[in-house]
Amino acid sequence: MEPNTKTMLAFQVIPRLREGNNFEVVDRAIAVVQAAGVPFQVGAMETTMQGDLDHLLTIVKAAEQACLDAGAVEVITNIKIHTTTPDATDTFCTYDRGVTPANHMFVGM
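This write-up is about the structure you can find in this document. This one's a predicted model, so the numbers in the text were calculated from it and none came from an experiment.

## A word on the pairing of strand β1 (residues 6-16)
Successive residues of a regular strand alternate their side chains across the two faces of the sheet.
Move 1: With 11 bridges joining them, β1 and strand β4 (residues 74-84) adopt antiparallel strand pairing. From the neighbouring strand, V13 faces β4, where its bridge partner is T77.
Move 2: In terms of strand pairing, β1 meets strand β3 (residues 47-50) through four bridges, oriented antiparallel. When the bridges of β3 are listed, A10 appears paired with T48.

## Observations regarding the packing of helix α1 (residues 22-36) against helix α2 (residues 53-69)
Move 1: Viewed as axis vectors pointing N to C, α1 and α2 meet at an angle of 150°, and their least axial separation amounts to 8 Å. Here α1 and α2 pass one another in a crossing that is right-handed. Residue-level inspection shows V25, R28, A29, V32, V33 and A36 of α1 in contact with α2, the latter providing H55, I59, A62, A63, A66 and C67.
Move 2: Tallied by class, the residues present in the contact of α1 with α2 amount to 10 nonpolar, one polar and one charged.

Thresholds, definitions, all that
- Here the residue numbers are simple positions, counted from 1 along each chain's written sequence.
- Residue-level local features of this predicted model are given only where pLDDT is at least 70; pairs of side-chain atoms are given and counted only at 80 or more, and the full residue set underlies all totals for whole chains, interfaces and linings.
- Hydrogens and water molecules were not included; the side-chain quantities draw on all heavy atoms of the structure.
- Strand pairing requires that DSSP identify at least two bridges connecting the strands.
- Put simply, DSSP H or I for four residues or longer makes a helix, DSSP E for two residues or longer makes a strand, and each gets a number counted from the N terminus.
- Note on definitions: angles span 0 to 180 degrees between N-to-C directions of axes, and those axes are lines fitted to C-alpha atoms, for helices only across the stretch in contact.
- Handedness of a crossing is defined here by the sense of rotation of the near helix relative to the far one, left-handed for an anticlockwise turn of less than a right angle and right-handed for a clockwise turn.
- In what follows, a contact means two residues having at least one pair of non-hydrogen atoms within 4.5 Å.
- Following the grouping adopted for this structure description, the nonpolar residues are Ala, Val, Leu, Ile, Met, Phe, Trp, Tyr, Cys and Pro, the charged ones are Asp, Glu, Lys and Arg, and the polar ones are all others, Gly among them.

Listed below in structure tokens is the structure:
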């Protein structure tokens with residue numbers, strides 16, 4: 001990655017269990033993100049993180065493994081990646097527009 005790039009990665013895990021509660025397994029994946037020490041936001045459909053792409057992908061792998069360790073027999077993981085450079089400030093897809101209390105943690109970091 002170029003210096004001064006900013007990467008946002010959103011992911012969703014969909015664990016399948018033979019028995020138990022899927023939400024409890026998803027909570028295990030979220031706990032991995034919380035422990036990773038990166039800026040993140042948990043939403044209804046996905047968790048979004050900010051940081052170095054390789055590090056973020058490592059976190060996703062660990063979150064997926066946490067689902068398997070919690071009893072999932074399979075996990076579907078959907079990933080979206082958005083990388084910007086300093087030159088992207090005048091484009092449509094910037095995170096410094098439309099700031100709300102819910103997404104404030106990603107602005108100005």
